[in-house]
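Residues per chain, in single letters:
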Amino acid sequence: MMKKHNFSAGPSILSSEVFDEASKSVLNLDNIGLSLIEISHRSKEFVKIMEEARELSIGQLGLSKDEYTSLFLQGGASTQFLMVAYNFLNQNAGYINTGSWSVKAMKEAKLFGNVHELASSNDKNFNYIPKDYTVNDNLDYLHITSNNTIFGTQFHEIPETKTDLFTDMSSDIYSRNIDYSKFSLIYAGAQKNLGAAGATLVIIRKSMLEKICREVPSMLNYKTHVDKDSMFNTPPVFSVYTCLLSLKWLQKNGGVTEIEKKNILKSTLLYDEIDRNSQFKGFANVEDRSIMNVTFNLTDESKKEIFDNLAFEAKISGINGHRSVGGYRASIYNAMPIESVETLIELMKKFENLA
Ligand SMILES: *Cc1c(COP(=O)(O)O)cnc(C)c1O
């Protein structure tokens with residue numbers, strides 16, 4: 001079967017090697033005569049999967065095992081919105097509001113303390129990353145959304161701050177080579193750039209565990225999960241396994257340094273075409289453009305059906321924009337081959353010639 005060019009924002013594309021290995025494991029994990037999804041999560045086979053996944057998740061970001069630990073939890077990034085605040089918002093937290101996911105994170109945090117919106121790009125429908133703001137000293141933490149999946153903006157400069165910096169990295173984790181040690185806590189739903197839906201990766205500086213500021217129910221307490229090696233209760237085994245396979249794939253392909261080069265190349269090709277082509281205009285502010293989610297609109301919205309039909313014929317899937325932005329969004333995560341991006345670009349050229 002000829003697969004489609006998959007530009008879905010999430011759940012989204014994984015490498016074909018990951019799909020092959022993951023599929024095999026459902027029938028027969030490493031030739032043990034049992035399926036990955038029918039064995040105990042306490043079996044030596046799965047314990048090894050979890051250990052390797054946790055180790056690689058930290059190592060691939062260039063972080064040290066002495067300083068950081070990682071967890072594969074359930075509940076999605078949406079549960080992290082409340083968990084970070086439940087554990088660490090004692091009095092005041094700062095949030096940079098760069099879109100819907102930041103808004104949702106702030107809503108949950110407000111249940112636990114004062115949420116200071118230090119800056120917002122709401123005035124322009126979140127098409128940029130705010131840069132002028134001051135971070136007061138009295139904050140328990142500062143929270144950012146490093147990549148705004150819906151709007152196609154991304155923090156290219158990570159804020160410098162003395163307070164603990166937290167980030168929702170659901171849609172750009174492992175996509176670029178930055179100094180991850182600037183963060184005290186990183187979380188990401190697996191389903192955008194890492195694996196099958198189900199697991200949520202949390203990377204936490206170990207010293208944060210001493211800063212948990214109130215009594216927190218076991219399942220929502222980071223310390224519970226760290227103490228139990230991310231096996232306090234049954235983990236989402238299939239999702240964790242796909243994360244491990246993706247991390248191994250990443251490692252084999254040169255890690256975040258090499259993948260960043262490819263991601264910059266893919267996104268530059270696409271943005272160059274958007275800027276050149278008379279039929280399209282980019283949505284996000286040029287200097288804040290995301291290398292993962294490329295948002296763009298038609299200059300003439302009445303031609304939408306024509307472009308949509310062409311895309312369908314070219315086996316291009318998942319490019320419809322989020323309803324709050326309209327137009328199109330091409331999600332070009334780590335596993336997206338450059339050929340698919342080139343196919344989209346050819347289509348945009350063909351569309352311009354028809355117009
Ligand atoms: C998709 C997404 C979420 C929501 O993730 P869930 O795992 O569905 O809760 C949160 N933040 C960002 C940046 C996302 O892209």
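Worth saying up front: this structure is predicted, and the values here are computed from it rather than measured.

Trainee: Could you clarify how one ought to interpret the overall build of the chain in this entry?
Mentor: Of the regular secondary structure elements, the chain holds 9 helices and 14 strands. The globule rule puts the C-alpha radius of gyration for 355 residues at 20 Å, and the 21 Å found for the chain is close to it. Once the C-alpha set of the chain is aligned to its principal axes, its extents read approximately 60 × 55 × 30 Å. In the chain, which comprises 355 residues, the share counted as buried stands at 55%. At a minimum sequence separation of 6, the contacts of the chain that also span at least 24 residues come to 67%. Per element, the accessible surface of the chain, about 15500 Å² overall, is 50% carbon and sulfur. Between the centroid of the 38 positive side chains of the chain and the centroid of its 43 negative side chains there is a distance of 3 Å.

Trainee: Where do I start with the sheet that holds strand β14 (residues 328-331) in this structure?
Mentor: Strands belonging to one sheet form pairs held by backbone hydrogen bonds; the direction of such a pair is parallel or antiparallel. Taken together, 3 strands build an open sheet; the order of strands is β11-β12-β14 and the sheet is antiparallel. This sheet does not close on itself; its edge strands, each paired only once, are β11 (280-282) and β14. The sheet shows a mean angle of 35° between the axes of neighbouring strands, taken without regard to direction. Those strands touched by helix α7 (residues 255-276) are β11, β12 (293-298) and β14, and its axis lies near 15° from that of β12.

Trainee: Please explain the packing of aromatic side chains as it appears in this structure.
Mentor: The description of two aromatic rings rests on the distance between their centres and on the angle between their planes. Taken as a whole, this structure holds 15 aromatic pairs when the rule is applied. Measuring from ring centre to ring centre gives 5.9 Å for Tyr95 and Tyr141, while their planes differ by 70°; the resulting arrangement is edge-to-face. Linking Tyr95 in strand β3 (residues 92-97) with Tyr141 in strand β5 (residues 141-145), this pair joins segments that are 46 residues apart in sequence. Like Tyr141, Tyr95 is buried. Aromatic ring contacts, followed pair by pair, group Phe88, Tyr95, Tyr141, Phe166 and Tyr222 into a single cluster. If you follow Lys124 out to its NZ or CZ, it ends over the ring of Tyr128, 5.7 Å from the centre.

Trainee: I tried to follow the nonpolar core on my own but got confused; where do I start?
Mentor: A general feature of soluble globular proteins is that nonpolar side chains tend to end up buried together. Ranked by internal contacts, the top residues of the largest apolar core, which has 80 residues, are Tyr174, Leu270, Phe307, Ile319, Ala330 and Leu344. For this core, the element with the highest residue contribution is helix α6 (residues 237-252), accounting for 9 residues. Each of domain 1 (16-252) and domain 2 (255-354) contributes no fewer than three residues to this core. Beyond its immediate chain neighbours, meaning those up to four positions away, Ile319 contacts Phe7, Phe307, Ala311, Gly327, Tyr328, Arg329, Ala330 and Leu344.

Trainee: Explain the pattern of salt bridges to me, please; I cannot follow it from the model alone.
Mentor: A side chain with one charge may pair with a side chain of the opposite charge, provided their charged atoms come close. Applying the stated criterion to the full structure yields 19 salt bridges. Across the pair Glu55 and Lys65 runs a salt bridge, and its minimum N-O distance is 3.9 Å. Of this pair, Glu55 sits in helix α2 (residues 44-59) while Lys65 sits in the loop between α2 and β2 (68-73); the two residues are 10 residues apart in sequence, bridging distant segments of the chain. It is possible to trace a salt-bridge network through shared partners that takes in Glu273, Arg276, Lys349 and Glu352.

Trainee: Quick question: what am I supposed to make of the site of the ligand here?
Mentor: Taken together, 13 residues lie around the ligand, and Ser78, Thr149, Asp168, Gln191 and Lys192 are the ones closest in. Between the ligand and the protein, one listed contact pairs an oxygen atom with a side-chain N or O atom of Thr149 at 2.4 Å. Within the complex, 87% of the 390 Å² of free accessible area of the ligand lies under protein. Among the elements that take part in the shell around the ligand, helix α3 (residues 76-88) stands out by supplying 4 residues, more than any other.

Trainee: Sorry if this is basic, but what is going on with the side chain of Asn127 here?
Mentor: With respect to the helices, strands and loops of the structure, Asn127 is situated in the loop between β4 (114-120) and β5. Residue class for Asn127 comes out buried when judged on its relative accessible area of 19%. Contact partners of Asn127, with chain neighbours within four places excluded, come to Ser121, Thr153, Phe283, Ala284 and Asn285.

Trainee: Quick question: what am I supposed to make of the pairing of β5 here?
Mentor: Regular strands place side chains that alternate from one sheet face to the opposite one. When you tally the buried positions in β5, you get 5 out of 5 residues, the bulk of the element. Here β5 shows a buried face lined by Tyr141, His143 and Thr145 and a second buried face lined by Leu142 and Ile144. Of the strand pairs in this sheet, β3 and β5 are connected by 3 bridges, and their pairing is parallel. Bridge pairing in β5 links Tyr95 to His143. The sheet contact formed by β5 and strand β8 (residues 165-168) spans 4 bridges and is parallel. Paired with Thr145 across the bridge in β8 is Asp168.

Trainee: Whenever I open this one, the packing of helix α8 (residues 304-313) against helix α9 (residues 338-354) confuses me. Can you help?
Mentor: In helix packing, the relevant descriptors are the interaxial angle and the interaxial distance, both defined with respect to the helix axes. Viewed as axis vectors pointing N to C, α8 and α9 meet at an angle of 140°, and their least axial separation amounts to 10 Å. As the angle between them shows, α8 and α9 are arranged oblique. As α8 packs across α9, the resulting crossing turns out to be right-handed. In this structure, α8 uses Ile306, Phe307, Leu310 and Ala311 to contact α9, whose residues at the interface are Leu344, Leu347, Met348, Lys350, Phe351 and Leu354. The residue makeup of the contact of α8 with α9, split by class, is 9 nonpolar, no polar and 1 charged.

Rules used throughout
- All residue numbers refer to position in the chain's written sequence, counted from 1.
- Local features are withheld for residues below a pLDDT of 70 in this predicted model, meaning they are given only at 70 or higher, and side-chain atom pairs are given and counted only at 80 or more; totals for whole chains, interfaces and linings count all residues.
- To get the side-chain values, take all heavy atoms of the structure and skip hydrogens and water.
- Under the scheme used here, helices are H or I runs from DSSP no shorter than 4 residues and strands are E runs no shorter than 2 residues, and both carry numbers assigned from the N terminus.
- Atoms counted for the radius of gyration: C-alpha only. Globule rule: 2.2 Å times the number of residues to the power 0.38.
- Partly exposed describes any residue whose relative accessible area lies between the buried limit of under 20% and the exposed limit of over 50%, with all areas from a 1.4 Å probe on protein chains only and scaled to the type maximum.
- Only heavy atoms enter the contact rule, under which two residues are in contact if any of them lie within 4.5 Å.
- Methods summary: accessible areas were calculated by the Shrake-Rupley approach with a probe of 1.4 Å, and residue burial reflects only the protein chains presented.
- For the purpose of charge, His is not counted, nor are the chain termini; Lys and Arg are scored as positive and Asp and Glu as negative.
- Taken as the charge location is NZ of Lys, CZ of Arg, CG of Asp or CD of Glu.
- For two strands to pair, DSSP has to find at least two bridges joining them.
- Lines fitted to C-alpha atoms define the axes, with helix axes restricted to the stretch in contact, and inter-axis angles between N-to-C directions lie between 0 and 180 degrees.
- Note on aromatic contacts: the rings of Phe and Tyr and the six-membered ring of Trp form a pair at centre separations within 6.5 Å, being stacked when their planes are under 30 degrees apart, edge-to-face when over 60 apart, and tilted otherwise.
- In this scheme, the term charge over a ring applies when either NZ of a lysine or CZ of an arginine sits within 6 Å of the ring centre and within 35 degrees of the ring normal.
- Side-chain atoms within 4.5 Å link the members of a nonpolar core, which is a set of buried Ala, Val, Leu, Ile, Met, Phe, Trp, Tyr and Cys residues.
- Segment limits for the domains were obtained from an automatic or database-derived domain assignment.
- What makes a salt bridge here is a side-chain nitrogen of Lys or Arg within 4 Å of a carboxyl oxygen of Asp or Glu, nothing more.
- Here a residue counts as near a molecule or strand whenever at least one of its heavy atoms sits within 4 Å of it.
- Identification of polar contacts relies on pairs of N or O atoms within 3.5 Å, with a donor-acceptor requirement for protein atoms, meaning one able to donate a hydrogen and the other able to accept it, and with residues adjacent in sequence counted only if both atoms are side-chain atoms.
- Angle categories are assigned with fixed cut-offs, so that under 35 degrees is roughly parallel, over 145 is roughly antiparallel, 65 to 115 is roughly perpendicular, and the rest are oblique.
- Two helices crossing with the near one rotated counterclockwise from the far one by less than a right angle form a left-handed crossing, whereas a clockwise rotation gives a right-handed crossing.
- Each residue is assigned to one class: nonpolar for Ala, Val, Leu, Ile, Met, Phe, Trp, Tyr, Cys and Pro, charged for Asp, Glu, Lys and Arg, and polar for all the others, Gly among them.

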